[in-house]
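# Coordinate inspection notes
Chain by chain, the residues:
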Amino acid sequence: AQSVTQLDSQVPVFEEAPVELRCNYSSSVSVYLFWYVQYPNQGLQLLLKYLSGSTLVESINGFEAEFNKSQTSFHLRKPSVHISDTAEYFCAVTPAQRGKGGFKTIFGAGTRLFVKA
Amino acid sequence: EADIYQTPRYLVIGTGKKITLECSQTMGHDKMYWYQQDPGMELHLIHYSYGVNSTEKGDLSSESTVSRIRTEHFPLTLESARPSHTSQYLCATSGTSNTEAFFGQGTRLTVV
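The following refers to the structure shown. (Residues numbered from 1 in each chain as written. Chains lettered and ligands numbered in written order. Predicted model: local features only at pLDDT ≥ 70, side-chain atom pairs only at ≥ 80, totals over all residues. Heavy atoms only, no water.)

## Here's the deal with the packing of aromatic side chains
- All chains considered together, the criterion is met by 11 aromatic pairs over all chains.
- Ring geometry for Tyr36 of chain A against Phe107 of chain A: centres 5.6 Å apart, planes inclined by 55°, an arrangement best described as tilted. Of this pair, Tyr36 of chain A sits in strand E5 (residues 31-38) while Phe107 of chain A sits in strand E11 (residues 106-107), and the two are 71 residues apart along the sequence. As far as burial versus exposure is concerned, Tyr36 of chain A and Phe107 of chain A are alike and both buried.
- Measuring from centroid to centroid gives 5.7 Å for Tyr36 of chain A and Phe103 of chain B, while their planes differ by 80°, and the two rings are edge-to-face. Of the two residues, Tyr36 of chain A sits in strand E5 while Phe103 of chain B sits in strand E10 (residues 102-103), which places them in two different chains. Each member of the pair, Tyr36 of chain A as well as Phe103 of chain B, is classed as buried.
- Three or more aromatic residues link up through ring pairs in this structure, and these residues are Phe34, Tyr36 and Phe107 of chain A together with Tyr33, Tyr35 and Phe103 of chain B. (Phe/Tyr/Trp six-rings, centres within 6.5 Å; stacked < 30°, edge-to-face > 60°. Helix = DSSP H or I, 4+ residues; strand = E, 2+ residues; numbered from the N terminus. Buried < 20%, exposed > 50% of the residue type's maximum accessible area, 1.4 Å probe, protein only.)

## Overview of the nonpolar core
- The biggest cluster of nonpolar side chains holds 28 residues, and the ones touching the most others in it are Leu33, Trp35, Leu48, Phe74, Leu76 and Tyr89 of chain A.
- Those residues in contact with Leu33 of chain A, other than ones at most four positions away along the chain, are Tyr25, Leu48, Lys49, Tyr50, Phe67, Phe74, Ala92 and Val93 of chain A.
- Among the nonpolar cores identified, the runner-up in size contains 18 residues, and Phe103 and Phe107 of chain A together with Leu43 and Tyr50 of chain B belong to it. (Core = buried A, V, L, I, M, F, W, Y, C linked by side-chain atoms within 4.5 Å. Contact = heavy atoms within 4.5 Å.)

## Remarks on the pattern of salt bridges
- Scanning the entire structure with this criterion turns up nine salt bridges over all chains.
- We note a salt bridge from Lys49 of chain A to Glu100 of chain B, for which the minimum N-O separation is 3.9 Å. You can see Lys49 of chain A sitting in strand E6 (residues 44-50) and its partner Glu100 of chain B sitting in the loop between strand E9 (87-94) and E10, one on each of two chains.
- Judged by relative accessible area, which is 28%, Lys49 of chain A ranks as partly exposed.
- With its nearest N and O atoms 2.7 Å apart, the salt bridge here joins Glu63 of chain B to Arg82 of chain B. (Salt bridge = Lys/Arg side-chain N within 4 Å of Asp/Glu carboxyl O.)

## Some thoughts on the state of the cysteines
Residue and element names in this part refer to chain A.
- The full count for this structure, using the stated rule, is two disulfides over all chains.
- Paired through a disulfide, Cys23 and Cys91 show a sulfur-sulfur distance of 2.0 Å. Where Cys23 bonds to Cys91 through sulfur, the torsion about that S-S bond is close to -70°, and the disulfide is left-handed. Placement of the pair is Cys23 in strand E4 (residues 23-26) and Cys91 in strand E10 (residues 87-95), with a sequence separation of 68 residues.
- For Cys23, a relative accessible area of 0% corresponds to the buried category. (Disulfide = S-S within 2.5 Å.)

## Details of the interface of chain A and chain B
- Chain A puts 24 residues into the contact, and the matching count from chain B is 24 residues.
- Contact with chain B buries area across many residues of chain A, yet Phe103, Lys104 and Phe107 of chain A alone supply 28% of it, more than any other trio.
- There are one salt bridge connecting chain A and chain B.
- Joining chain A to chain B, the criterion identifies four residue pairs in polar contact (both at pLDDT 80 or more). (Buried area = accessible area lost by both parts, 1.4 Å probe. Polar contact = N/O pair within 3.5 Å; in protein donor to acceptor, adjacent residues only side chain to side chain.)

## Here's the deal with empty space enclosed by the protein
- According to the stated counting rule, one finds one cavity of 30 Å³ or more in the structure shown.
- A volume near 40 Å³ is recorded for the largest cavity.
- Lining the largest cavity we find Phe34, Tyr36, Thr94 and Thr105 of chain A together with Ser94, Asn98, Glu100 and Ala101 of chain B.
- Residue composition of the lining of the largest cavity, grouped by class: three nonpolar, four polar and one charged. (1 Å grid on protein atoms, 1.4 Å probe; cavity = no way out; pocket = protein on both sides within 12 Å on 5 of 7 lines; lining within 4 Å. Points joined across faces, edges and corners; volume = space filled by probe spheres on them. Nonpolar A, V, L, I, M, F, W, Y, C, P; charged D, E, K, R; others polar.)

## Some thoughts on unusual backbone geometry
- Of note, the amide linkage connecting Thr7 of chain B to Pro8 of chain B takes the cis form, showing an omega dihedral of -10°.
- The residue Pro8 of chain B is located in the loop between strand E1 (4-7) and strand E2 (10-13) in this model.
- The residue Glu16 of chain A is not glycine, and still its phi comes out positive at about 75°.
- Mapped onto the elements of the fold, Glu16 of chain A is located in the loop between strand E2 (10-14) and strand E3 (19-21).
- For Glu16 of chain A, a relative accessible area of 61% corresponds to the exposed category.

Following this line, the structure appears as C-alpha cells:
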C-alpha cells in the first residue's frame, strides 16, 4: 500500500518570494508521483508529474519538483510566487504497475498556499 | 472545454432523500473514480471502476453505491441522504497508461 504525507497544511508567503511545499511518500512498489493544484470551486488539475528519467520535473508556470528516492520525497518549489498561485496543492502517488489494489491514486491532505501582496 | 462532466455542481437536499450524482466522460477512459473531499483533508477514494460492470469500494467506507453500465457514465447514488454525507464529491478518470488522473469540477452536496 502507498501513503502520502504533506508536511504543511498552510503556507503563507509574500509575492515574489520563493516557496517549497513538502511531500513525503511511502510505498513498497515503484510509483509515479504527481502534484495537482485546485483553485476555489474547481476540480484538481495536474501541475507536474514524475514517471521516470530525470528526477527534476517542471511545470509550464514555473513550478518544479524533484524526486528523491532515498528520502522518499517529492517537494514542490517555485523561486518567485505570484498572487495567482494562491490555491490548494495536492501531492499524489500511484503504482507504476498494476498489483494488488490496482491503480488507485493516493492523495495527501493538501497544502494551502496563500500568496500575500 | 471539460471532458469530464459532473452534475449538479451544487445540491442542497433534505435528510432521507435519494440522490444521484452524475459523472460523464468523453475521453474513452476505462478507469473511473469517486473521491470525497472535506476541507483540509486528503481526498478519500470511495469507489472505483476499471471498466464496464466492474466496481469496487475504495479505502473510505461509504454508504453510497455506484454503477458502470456504460464506459462514459459512473453515477453515484445515496439511497437516504444524511447530514454526515455533506461533502464535496469529485469524479476522476485515467487512461490505460495511468500516468495522470483527470478530474471533474466536483459536486458540493449539503444535506440539511
